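# Coordinate analysis (summary)
These are the residues of each chain, in order.
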Amino acid sequence: LFITTAIIERVPNAWYIDPVVSLLVGVSAVVYGSKSVGKRVAAGVPIYQIDWWWQPKDEVSSSQELPETTKGGDYVASPEKGADAEHEII
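Residues numbered from 1 in each chain as written. Predicted model: local features only at pLDDT ≥ 70, side-chain atom pairs only at ≥ 80, totals over all residues. Heavy atoms only, no water.

### A closer look at the confidence of the model for the protein
The share of residues in the protein with pLDDT of 70 or more is 60%, and the mean pLDDT across the chain is 77. Per-element confidence in the protein is highest for helix H2 (residues 17-42), whose mean pLDDT is 92, and lowest for helix H3 (residues 50-53), whose mean pLDDT is 82. (pLDDT = per-residue confidence, 0-100. Helix = DSSP H or I, 4+ residues; strand = E, 2+ residues; numbered from the N terminus.)

### Topic: the packing of aromatic side chains
Under the definition given, this model contains one aromatic pair. Each ring, one from tryptophan 15 and one from tyrosine 16, has its centre 6.2 Å from the other, and the planes form 85°; the classification is edge-to-face. According to the relative accessible area criterion, tryptophan 15 is exposed, its value standing at 57%. Classification of tyrosine 16 by relative accessible area gives partly exposed; the value is 47%. (Phe/Tyr/Trp six-rings, centres within 6.5 Å; stacked < 30°, edge-to-face > 60°. Buried < 20%, exposed > 50% of the residue type's maximum accessible area, 1.4 Å probe, protein only.)

### Some points on H2
With 26 residues, H2 should cover 38 Å at 1.5 Å per step; its first-to-last C-alpha distance of 37 Å lies within 8% of that length. Just beyond H2, the residue with positive phi is glycine 44, at close to 100°. (Expected span 1.5 Å × (residues − 1).)

### With respect to the environment of phenylalanine 2
Among the structural elements, phenylalanine 2 can be located in helix H1 (residues 2-10). What makes phenylalanine 2 exposed here is its relative accessible area of 70%. Along the primary structure phenylalanine 2 and aspartate 18 are separated by 16 residues, whereas in three dimensions their C-alpha atoms are 9.6 Å apart.

Below, the structure written as structure tokens:
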């Protein structure tokens with residue numbers, strides 16, 4: 001959008017470029033979002049059921065802990081005992 005603004009500043013008769021680019025970006029976002037939702041539905045996520053969107057009040061807890069996650073990617077465990085792996089220089 002910054003580029004379209006710069007173009008309009010130089011050539012005011014090219015005002016139609018901004019709405020065209022905005023429409024293309026909007027349509028692209030809708031298509032990408034639809035594909036993402038389609039993949040979730042195909043994977044079995046029940047997003048079209050109201051129970052998936054609403055959590056009962058008795059299950060809501062501010063002290064509820066998040067589940068442990070496995071470390072993946074480029075994570076390397078610290079060879080030193082007691083060293084802080086997050087700030088380790090590799």
